[in-house]
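Take a look at the letters that make up each chain.
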Amino acid sequence: MEGVADLHIATNMEDLKHLAQPKCLGKNTKAIEKVFRNLYNEILKENIDQEKCYIYCYRFLFSFQTMCQFGDRKFYNTMYLSEVTKVNEKLQELEQALKKRYAIEAFRENKKRAIKDKSMEIVKPDILNKEERLFDAEFISVKQLFNTIQDDANILIIDIRPEEEYSESKVKFEKAINIPENLLVPGLSANVLGHKLMGDTQKIWEKRDSFDALVFVDWNSSPDNFTSSKLMYLKESIVEWDCLKQYKQHPVIINGGFKEFLDSYPGSVTNVHVNFIRNNEDIDELLELDSISYPEPDQNISIMPLKQFTIEELEESTKIEESAAEEYQDNCDVQVEDTPAVTTSEIETKPVSPKGGGASLDKQIDTFKEETIEDIKNTIEKERMRLLLEARNLKNKRIRSDTKENVFEDNNKGDRPREEIKRIPPPIRRDIKPKKDEFTFGGWCGLVNIKNTCYMNTILQCLKCIPIVSSLMHSNYNKFITRHPPQIINEFGTAIQALCDGTESNRKVFRPSAFYDTVCKLDQIYKKGNHEDCMEFFLFLFNRLNDDCSYDIKTKRVMIEREKAWYSQLQGRTSLWVDLFYHQFRCTKICQSCHLKADSYETDNTLMLPVPYRPGLTMVHLRDLINEYQEDNQILDYKCSKCQNLGVVNTKEVVVAPEILVIVLKRYYQDEYQESRKNNVCVDFDFNFTFGNNSYTLYSVAEHRGTMEHGHYFAHGILNDSIWVELNDERTSRYNGDWDNIRGSVCAFFYCKNKG
């Protein structure tokens, strides 16, 4: 299959699912969350090996369920709703693709086997009956092995750990040999393997069929990881490629490996004081595949544009539309009659691309990557003119219909022939010329709390204070919609338009009933009227708005890591909301010994920052939290893949800056009873600061007062670029500047990138 790796881990979905099931992760939610994040990074990077990606996705969801079981389910749902949804969709997609590939591969193998059976002259001897076997199962417990050793049974233990690890500590048993895993490769016969062995090990190997059973051991073998381990190659060398030997039963494997035996029976090993550090064991225990590296972009490599629009281009789009409409209405005359009219039926039957992508929009997107900014503006202007022309033709069509009825009446009287209908020019109606709708931002409008919906009101108020969001919702945002019918953007647009109304002397109140009803239809949890998290609602709203406007990303044949991470995170879809809110970090792991560098990427629409908690701490600064998130830090339990030394430092760098930077504060800690408590440490902040190489200005903040289970959300936002206003449900009031009060309750910041 072109563009994907060959199947190499399993032969059917049942085996792959069995393989993907991880071992118990314990109850340490912090450790599980670390594995969870690492798995997500691996999923973003893996676009070639479908089997490997399936295992990562399966374990990612298992880790999430484990975190929710032993930790704060509501918090984890808030933080990782978007990631879990996308991984779940990815898992289903991979399962369908792999089922088809396994079926095709099984057909090919059966055909090959049929041809091989016809020419087979050597028949492999039968294995003894089940009653005569020493072990009944393929995997045996460490207790079974211990009891067998105590009985001095006629077994041969074959340990495939590296030679240095085997020499340092091994099972106390006379009939044991070491075959290092570096000697084991796919398709290796037992006879050829014997030629690679030395001394006594080779002699014992030659007598391998004289034992009642062969017992395989590695570091942590189990049914979960056996299929992709080196033990599988060793087993195949005996079961599949050793026809001249007659065994009493198939080899068996120690469940849990030497590690489990060491922990259970320390007195039965030669050295109990060992601690073998494994490189990222929680993630890579099933997979020993070489990672695929891609070159970093240089002057000779074209970089796929990750974003299609900037704030400047979106703002320019609305300006072009308004000016084009006015100019067109001033210059239009009866010559428009020569242009073929577009009928309503033609508009309604336009083909729609899969997943709601508009055909005309997709065509426009395909050319974005080759066009300059000026070309984009020209294209947008032409598109606006085309839409205006369609609207004018529709109006003329209606006028013709009215005129046609009058002509029919006249024809009945014999005053005028019907053939002249087409030559009747439409009248010029200057009296109905549309006036330009001037958008003036007031913003002194509150929101009715419908059913404990302060969390919803807070997010709407924070977004309405962002100029580009309010401008887009007052322009023709329909041109960005690709889902038909859309889920929520129309109701969202109506709410934002209403919230931009009102002045300080004439304040308004709006009841967002249609918006709330739509939210409840999309997710029944909001219908219950519980105390919901406002940032969880923001992520919910963002995903639905993004779905309404998303379209396929046009990719290159070969993508660099940065592009792969962006593409994978977004599942191959983008929208204007992605262009506005998403950012990307480059995470570089640098070995302090051999200086090997390995890059990975974090792509998200919010920046989650934990607020530290300790007795006596009263205030931290937002800038320090960001610096701490980005600063170099040493990963203590990570081994360099090249030199195998510890001492790897991780650095973070902003490579894609968002137009709107949403910073979420994780205000919680666990008390001595492991209960989640709210962290009320004050967070100082700047109204202007630098993120990456760009300057940002604060436009709104979301705040919460209360506990983890109960409380109230409200917002503070800036109106008309100068006045800070408290936006608390129905109440809107000028804020006097008691910022200390905000620092203790703020839970999210909404910054916008400055122009230039």
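Only a predicted model underlies this, so the values are computations on that prediction, with no experimental measurement involved. (Residues numbered from 1 in each chain as written. Predicted model: local features only at pLDDT ≥ 70, side-chain atom pairs only at ≥ 80, totals over all residues. Heavy atoms only, no water.)

## As for the nonpolar core
Note the cut-off: Nonpolar cores are built from buried Ala, Val, Leu, Ile, Met, Phe, Trp, Tyr and Cys residues. Side-chain atoms within 4.5 Å join them into one set. Note on classification: 1.4 Å probe, protein chains only; a residue is buried when its accessible area is under 20% of the maximum for its type, exposed when over 50%, partly exposed between these limits. Here, two residues are considered to be in contact whenever any of their heavy atoms come within 4.5 Å of each other.
Core analysis: the largest hydrophobic core is formed by 138 residues, its most contacted members being Phe-492, Trp-577 and Phe-749. Residues contacting Phe-492, with those up to four places away along its chain left out, are Leu-460, Leu-463, Val-469, Met-473, Phe-515, Leu-541, Leu-545 and Trp-577. Counting residues in each nonpolar core, the second largest holds 24 residues, with Tyr-166, Ala-213, Ile-254 and Phe-261 among its members.

## Let's talk about the sheet that holds strand β4 (residues 213–217)
The line we're drawing: For two strands to be treated as a pair, DSSP must find no fewer than two bridges joining them. By definition, any uninterrupted DSSP run of H or I lasting at least four residues is a helix, any uninterrupted run of E lasting at least two residues is a strand, and each is numbered from the N terminus.
Reading across the sheet, the five strands line up as β1-β5-β4-β2-β3 and stay open at both edges, with parallel pairing between neighbours. Two strands lie at the open edges of the sheet, namely β1 (139–140) and β3 (176–178), each paired on one side alone. Where β4 lies against strand β5 (residues 252–254), two bridges are found, and the strand directions are parallel. Within the sheet, the bridge partner assigned to Phe-216 lies in β5 and is Ile-253.

## Some remarks on helix α1 (residues 13–20)
Threshold: Think of it as the arc spanned by the lines of direction from the helix axis to the C-beta atoms. Polar contacts here mean pairs of N or O atoms no more than 3.5 Å apart (in protein, one a potential hydrogen donor and the other a potential acceptor; neighbouring residues in sequence count only if both atoms are side-chain atoms).
If you check which residues of α1 are buried, you get Met-13, Leu-16, Leu-19 and Ala-20. End-on view of α1: buried residues confined to an arc of 125 degrees, all on one side of the axis. Where α1 starts, the residue carrying a side-chain oxygen 3.2 Å from the main-chain nitrogen of Glu-14 turns out to be Asn-12.

## Quick word on the sheet that holds strand β15 (residues 648–656)
For clarity, the cut-off: Angular values range over 0 to 180 degrees, each being the angle between N-to-C directions of two axes fitted as lines to C-alpha atoms, with helices fitted over their stretch in contact.
Read across the sheet, four strands follow the order β11-β10-β15-β14 without closing on themselves; strand pairing throughout is antiparallel. This sheet does not close on itself; its edge strands, each paired only once, are β11 (597–604) and β14 (633–635). Each strand axis lies, on average, 35 degrees off the axis of its neighbour in the sheet, ignoring direction. Relative to β15, strand β10 (residues 583–591) is paired through eight bridges, and the arrangement is antiparallel. Residue pairing in the sheet places Arg-586 in a bridge with Glu-653 of β15. Across the sheet, helix α23 (residues 622–630) touches β10, β11 and β15, and the angle it forms with β15 is around 120 degrees.

## Re the pairing of β11
When β10 meets β11, the two strands line up antiparallel, connected through eight bridges. Paired with Gln-584 across the two strands is Thr-603, which belongs to β11. The hairpin turn running from β10 into β11, its antiparallel successor, is five residues long, and His-595 in that turn takes a positive phi close to 65 degrees.

## Observations concerning a negative patch on the surface
Rules: What makes a patch is a set of residues exposed beyond 30% relative accessible area and free of salt bridges, joined within 9 Å when like-charged and within 5 Å when nonpolar (Val, Leu, Ile, Met, Phe, Trp, Tyr). Here the Shrake-Rupley method, with its probe set to 1.4 Å, supplies the accessible areas, and only the displayed protein chains count as covering residues. Between Lys or Arg on one side and Asp or Glu on the other, a salt bridge is scored when a side-chain nitrogen of the former is within 4 Å of a carboxyl oxygen of the latter. Neither His nor the chain ends is counted toward charge; the positive residues are Lys and Arg and the negative residues Asp and Glu. Charge placement uses NZ in Lys and CZ in Arg. For Asp and Glu, CG and CD serve respectively.
Side chains of Asp-624, Glu-628, Glu-631 and Asp-632 sit close together on the surface and give a patch of like negative charge. Along the chain, the position of Glu-631 falls in the loop between α23 and β14.

## Focus: the packing of aromatic side chains
For any two aromatic rings, the description comes down to two numbers: the centre-to-centre distance and the angle of the planes. Heads up, the condition is: For Phe, Tyr and Trp, where Trp contributes only its six-membered ring, two rings pair if their centres lie within 6.5 Å, and the inter-plane angle classes them as stacked under 30 degrees, edge-to-face over 60, or tilted in between. Charges are assigned to positions over rings by a cutoff of 6 Å between ring centre and Lys NZ or Arg CZ, combined with an angular limit of 35 degrees from the ring normal.
One pass over the full model with this rule turns up 37 aromatic pairs. For the ring pair Phe-36 and Tyr-80, a centre distance of 4.7 Å and an interplane angle of 65 degrees mean the geometry is edge-to-face. Of this pair, Phe-36 sits in helix α2 (residues 29–45) while Tyr-80 sits in helix α4 (residues 73–119), placing them 44 residues apart in sequence. The residues Phe-36 and Tyr-80 share a single accessibility class, namely buried. Centroid distance Phe-492 to Phe-515: 6.5 Å. Interplanar angle 45 degrees. Geometry classified as tilted. Linking Phe-492 in helix α18 (residues 489–499) with Phe-515 in helix α19 (residues 513–522), this pair joins segments that are 23 residues apart in sequence. By the burial criterion, Phe-492 is buried, and Phe-515 matches it. Cluster of aromatic residues (ring-pair linked, three or more members): Phe-585, Tyr-629, Phe-685, Phe-687, Phe-689, Phe-691, Tyr-696, Trp-724, Tyr-735, Trp-739, Phe-749 and Tyr-751. It is Arg-161 that lies over the ring of Phe-258; its NZ or CZ is 3.8 Å from the centre. Across the ring face of Phe-685, the terminal group of Arg-743 is positioned such that the distance to the ring centre comes to 6.0 Å.

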